[in-house]
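Structural description and commentary
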Amino acid sequence: MRYVRVNKILPENLIKEIQKYIQGEYIYIPSCPETRKRWGEKSKNRDYFKNRNLKIQSKYIDGKSISDLAKEFFLSESSIKKIVYKRDK
């Protein structure tokens, strides 16, 4: 998120209307729910974790132990258990 000067994006009459409610303070205007991205979509972290979890599940199915997976992926055993025992919605 970055700050943008209001006079560069909004018409003067709208600025005056907003100033009736707030002056000299910051205001956050969220994006529309239809255009809002889910966590990790912009940075690609969502894909990274999804692929990592699929690898963990695959290795577990192939017979690798939870403790070995925890060491390999630098996660706690309880985190590995959550991944391998997760039921898809």
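That block above? That's the structure.
Now for a look at the structure at hand. These figures come from a predicted structure and were not determined experimentally. (Residues numbered from 1 in each chain as written. Predicted model: local features only at pLDDT ≥ 70, side-chain atom pairs only at ≥ 80, totals over all residues. Heavy atoms only, no water.)

Some details on the side chain of R52
Convention followed: Under the DSSP-based scheme used, a helix requires at least four consecutive residues in state H or I and a strand at least two consecutive residues in state E, with every element numbered from the N terminus. When accessible area is computed with a 1.4 Å probe and restricted to protein chains, residues below 20% of their type maximum are described as buried, those above 50% as exposed, and intermediate ones as partly exposed. Here the positive residues are Lys and Arg and the negative ones are Asp and Glu; neither His nor the chain ends is included. Every case where a carboxyl oxygen of Asp or Glu lies within 4 Å of a side-chain nitrogen of Lys or Arg is listed as a salt bridge. Note on definitions: a residue-residue contact is assigned when non-hydrogen atoms from the two residues lie within 4.5 Å.
Mapped onto the fold, R52 is located in helix α2 (residues 45–61). Among buried Asp, Glu, Lys and Arg side chains, R52 stands out as unpaired, with E72 the closest opposite charge at 11 Å. Setting aside residues no more than four positions away along its own chain, R52 makes contact with F73, L75 and I83.

A look at the nonpolar core
Selection rule: Here, the term nonpolar core denotes a set of buried Ala, Val, Leu, Ile, Met, Phe, Trp, Tyr and Cys residues that are joined through side-chain atoms within 4.5 Å.
With eight residues, the main nonpolar core is built from I56, I66, L69, A70, F73, I80, I83 and V84. For this core, the elements supplying multiple residues, two or more each, are α3 (66–73) and α4 (77–84). It is α3 that provides the largest number of residues to this core, a total of four residues. If we skip the residues at most four places from it in the chain, I56 touches L69, F73, L75, I80, I83 and V84.

Re the packing of aromatic side chains
Condition: In this analysis, rings of Phe, Tyr and Trp, with Trp reduced to its six-membered ring, are considered paired at centre separations within 6.5 Å, and the interplanar angle assigns stacked below 30 degrees, edge-to-face beyond 60, and tilted for intermediate values.
Applying the stated criterion to the full structure yields three aromatic pairs. Between Y3 and Y26 the ring centres are 5.1 Å apart and the planes differ by 40°, which places this aromatic pair in the tilted class. Linking Y3 in the segment before α1 (12–19) with Y26 in the loop between α1 and α2, this pair joins segments that are 23 residues apart in sequence. Residues Y60 and Y85 carry aromatic rings whose centres are separated by 6.1 Å and whose planes lie at 90° to one another, so their mutual orientation is edge-to-face. Linking Y60 in helix α2 with Y85 in the segment after α4, this pair joins segments that are 25 residues apart in sequence.

A word on a nonpolar patch on the surface
Using the following cut-off: Like-charged residues within 9 Å of one another, or nonpolar side chains (Val, Leu, Ile, Met, Phe, Trp, Tyr) within 5 Å, are grouped into patches, provided each residue has over 30% relative accessible area and no salt bridge. Here the Shrake-Rupley method, with its probe set to 1.4 Å, supplies the accessible areas, and only the displayed protein chains count as covering residues.
Judged by side-chain polarity, V4, V6 and I9 come together as a nonpolar surface patch covering roughly 240 Å² of accessible area. Along the chain, the position of I9 falls in the segment before α1. Overall, I9 belongs to the exposed group, its relative accessible area being 55%.

Concerning the packing of α3 against α4
Put simply, the rule is: Whenever a helix is involved, its axis is fitted only over the stretch in contact; in every case the axis is a line through C-alpha atoms, and angles between N-to-C directions fall within 0 to 180 degrees. Here is the rule for angles: anything less than 35 degrees is roughly parallel, anything more than 145 is roughly antiparallel, 65 through 115 is roughly perpendicular, and the remaining ranges are oblique. Residue classes follow a fixed rule: Ala, Val, Leu, Ile, Met, Phe, Trp, Tyr, Cys and Pro count as nonpolar, while Asp, Glu, Lys and Arg count as charged, and any other residue, Gly among them, counts as polar.
Here α3 crosses α4 at 110°, and the two axes come no closer than 9 Å. By the angle between their directions, the pair α3 and α4 is classed as roughly perpendicular. Taking contact as the criterion, the partners of I66, S67, L69 and A70 in α3 are, on α4, E77, I80, K81 and V84. Its residues assigned to classes, the contact of α3 with α4 shows five nonpolar, one polar and two charged.

Looking at α3
Threshold: Here the arc refers to the directions that run from the helix axis out to each C-beta atom.
Within α3 the residues assigned to the buried category are I66, L69, A70 and F73. On an axial view of α3, the arc spanned by its buried residues comes to 105°, and they lie on one face. Among the structural elements, α2 and α4 are those in contact with the buried residues of α3. Note on α3: the residue one or two positions beyond its end, F74, has a positive phi of about 55°.

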